[in-house]
Amino acid sequence: MDIKFIVENKKNIITVGVLVLVVLILFQFVYFPKSKEIKRLAGEYKEIKTDMDDLYNFIGGEADLKDNIIKMREKVDLLERAFPSEQEVSDIIKQLNEKARYFKINVISLKPENIEIYKDHNGREVEISDYFCKSMPLTLRVESRYQALGEFLMSLEMNRTPMISIEKVDIEKDEDIKPKIKAKVDLIAYIIGK
């Protein structure tokens, strides 16, 4: 079998060679980089899709998205009122004084103590939405009628905005201010902070 290199065959071979070279260059500089980029974007898409699915699961589903977001905002608002931030410590003291005035209780003194990170019964630090729950002990000295003091303390326990717990109440009678009593109330106000 004789293969002769005729001028026409040479042109065809060169044309085929150039086409193969062009195809190789296209694959090397266009197809392979785009293929890698598509794989990278597909991976990013899967991550974003997973994050979106997790978000929808957290919120309560895609169908009732608006209603669920409104419910979540209401819960966050309630949480923020129950656990004010560290910057709002003075507001807690102000609210206690206002509430005492409402129940016609004379506040003699209100002494806050150092803020500490709150720990549960097992000694672990309590966190709420990536913030530490902190406790601020308060000592409240008051003069009032017995019934007014009881209503005031019940209001503190029931209201929960801000979250305050009553730790101890020491009541003493004083003949000089009868029918009123003097009381020392140990409270703990709960706040959130970093």
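From a predicted model like this one, the values you see are computed outputs, not experimental measurements.

Draft legend 1. Spotlight on the overall build of the protein. Along the backbone of the protein there are four helices and six strands. Written out in order from the N terminus, the α and β elements of the protein read α-α-α-β-β-β-β-α-β-β. Taking all 194 residues of the protein together, the buried fraction comes to 24%. The long-range fraction of contacts in the protein, counting pairs at least 24 apart against all pairs at least 6 apart in sequence, stands at 64%. When the accessible surface of the protein is split by element, carbon and sulfur atoms take 56% of a total near 14900 Å².

Draft legend 2. Region of interest: unusual backbone geometry. Phi at K104 is positive, roughly 60 degrees, even though this residue is not glycine. Checked against the element boundaries, K104 lands in the loop between helix 3 (89–102) and strand 1 (106–112).

Draft legend 3. Structural detail: the packing of aromatic side chains. Under the defined criterion, the tally for this structure stands at five aromatic pairs. Aromatic pair Y31 and F32: ring centres 5.6 Å apart, planes at 65 degrees, arrangement edge-to-face.

Draft legend 4. Here's a closer look at a nonpolar patch on the surface. Together, I14, V18, L21, V22, I25, L26, F29 and V30 make up an exposed nonpolar region whose accessible area comes to about 750 Å². Inspection of the secondary structure assignment puts I25 in helix 1 (residues 7–59). Note on I25: relative accessible area 42%, which makes it partly exposed.

Draft legend 5. Seen up close, the pairing of strand 4 (residues 131–144). Of all 14 residues in strand 4, 11 are buried, a share of seventy percent or more. The pairing of strand 1 with strand 4 spans six bridges and is antiparallel. Its bridge partner lying in strand 4, L110 is registered against L140.

Draft legend 6. Seen up close, helix 4 (residues 146–159). Over its 14 residues, helix 4 extends 20 Å from the first C-alpha to the last, a length consistent with the 20 Å expected when each residue adds 1.5 Å. All buried positions along helix 4 are accounted for by A148, L149, F152, L153, S155 and L156. All buried residues of helix 4 project into a common sector of 155 degrees when viewed along the axis, lining one side. Seen from the buried face of helix 4, the exposed residues on the opposite side, beyond 90 degrees, are Y146, Q147, M154 and M158.

Draft legend 7. How the structure looks around the confidence of the model for the protein. On average, residues of the protein carry a pLDDT of 80, and 82% of them reach 70 or more. Strand 3 (residues 127–128) is the least confidently modelled element of the protein, averaging 68 in pLDDT, while helix 4 averages 88, the highest of any element.

What counts and how
- Residues numbered from 1 in each chain as written.
- Predicted model: local features only at pLDDT ≥ 70, side-chain atom pairs only at ≥ 80, totals over all residues.
- Heavy atoms only, no water.
- Helix = DSSP H or I, 4+ residues; strand = E, 2+ residues; numbered from the N terminus.
- Buried < 20%, exposed > 50% of the residue type's maximum accessible area, 1.4 Å probe, protein only.
- Contact = heavy atoms within 4.5 Å.
- Areas by Shrake-Rupley, 256 points an atom, 1.4 Å probe, with all protein chains shown as cover.
- Phe/Tyr/Trp six-rings, centres within 6.5 Å; stacked < 30°, edge-to-face > 60°.
- Patch = residues over 30% accessible without salt bridge, like charges linked within 9 Å, V, L, I, M, F, W, Y side chains within 5 Å.
- Salt bridge = Lys/Arg side-chain N within 4 Å of Asp/Glu carboxyl O.
- Pairing = 2+ DSSP bridges.
- Expected span 1.5 Å × (residues − 1).
- Arc of directions from axis to C-beta.
- pLDDT = per-residue confidence, 0-100.

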